[in-house]
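In case you want the letters, here they are:
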Amino acid sequence: MQLQNLYRSVVMDHAKRKRHYGSLTGEQVVDVFYKNPTCGDVIHLYALIEQNTLKEISFEGEGCYISMAASSMMTEMISGKSLNDIEMLEKNFEALIRHGEAADENIDLGDMQALEGVHQLRARHNCALMPWQALSLLLNTTKKI
Ligand code: ZN
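This report concerns the structure included in the present document.

Each value, and the rule that gives it
- Residues numbered from 1 in each chain as written.
- Predicted model: local features only at pLDDT ≥ 70, side-chain atom pairs only at ≥ 80, totals over all residues.
- Heavy atoms only, no water.
- Helix = DSSP H or I, 4+ residues; strand = E, 2+ residues; numbered from the N terminus.
- Buried < 20%, exposed > 50% of the residue type's maximum accessible area, 1.4 Å probe, protein only.
- Contact = heavy atoms within 4.5 Å.
- Lys, Arg positive; Asp, Glu negative; His and termini not counted.
- Charge placed at Lys NZ, Arg CZ, Asp CG, Glu CD.
- Pairing = 2+ DSSP bridges.
- Axes fitted to C-alpha atoms, helices over the stretch in contact; angles between N-to-C directions.
- Donors = N, O, S within 2.8 Å, 3.2 Å for Na, K, Ca; no water.
- Core = buried A, V, L, I, M, F, W, Y, C linked by side-chain atoms within 4.5 Å.

## Observations regarding the overall build of the protein chain
When you go through the protein chain residue by residue, the secondary structure sums to four helices and three strands. Listed N to C, the secondary structure of the protein chain is α-β-β-β-α-α-α in terms of helices and strands. Reported as C-alpha extents along the three principal axes, the dimensions of the protein chain are approximately 50 × 30 × 25 Å. Buried residues in the protein chain amount to 43% of all 145 residues. Partitioning the contacts of the protein chain with sequence separation of at least 6, the portion at a separation of at least 24 is 59%. Taken as two groups, the 14 positive and 19 negative side-chain charges of the protein chain have centres that lie 6 Å from each other.

Below, the structure written as structure tokens:
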């Protein structure tokens, strides 16, 4: 139960003090707007990608505390990482939410682990996964250019 409380405070901290919040500007910045159809949460995601590395990431948005905490945690976790590492994190986090356990326990999910309780709340799965869905939309769009 103490662990649950600790997780809850980590989630609320991210929801209240969002990391990487704001827009990015510059010719090389790519962005995407995404809406979670099940809860009405919205996110505007900005990224600067160079040589398969995510140099900078930021977001703006509004919605329930799960979606905002997940967005803050994601941007903090993936900033500066290679696209390959980001894909591994995405797979693990999605498994944590949808199946209740990470696919590979050797991969450190950092603060994102605190959202594992969302697995029990099926209607909120899309809230936790919203920033990742926005990111994959953004990456797919970028690859086509
Ligand atoms: Zn939501």
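Text resumes after the structure shown.
## Some points on the sheet that holds strand 2 (residues 42–50)
On the basis of which strands lie adjacent, the open sheet formed by three strands has the order 1-2-3 and antiparallel pairing. Since the sheet does not close on itself, it has two edges, and those belong to strand 1 (30–35) and strand 3 (53–62), each with one partner. In this sheet, adjacent strand axes meet at a mean angle of 20 degrees when their direction is disregarded. Two elements, strand 2 and strand 3, share nine bridges in a ladder whose sense is antiparallel.

## Topic: the coordination of the zinc ion
When a metal holds four donors in a tetrahedron, each ideal angle between them is 109.5 degrees; when it holds six in an octahedron, the ideal angles are 90 or 180 degrees. Protein ligation of the zinc ion involves Cys39 (SG), Asp41 (OD), Cys64 (SG) and Cys127 (SG), the donor distances falling in the range 2.1 to 2.4 Å. Read in sequence order, the donor residues for the zinc ion give the motif C-x1-D-x22-C-x62-C. With Asp41 in the loop between strand 1 and strand 2 and Cys127 in helix 4 (residues 125–144), the pair connects residues that are 86 residues apart, well separated along the chain. Per residue, the accessibility class of Asp41 equals that of Cys127, and both read buried.

## What about the nonpolar core?
With 43 residues, the main nonpolar core has Leu45, Ile78, Phe93, Leu115, Trp132 and Leu135 as its most contacted residues. Of all the elements in the fold, those that place two or more residues in this core are helix 1 (2–16), strand 1, strand 2, strand 3, helix 2 (65–78), helix 3 (83–99) and helix 4. Setting aside residues up to four positions removed in sequence, Leu45 forms contacts with Val30, Asp31, Val32, Ile57, Ser58, Phe59, Met74, Thr75, Pro131, Ala134, Leu135 and Leu138.

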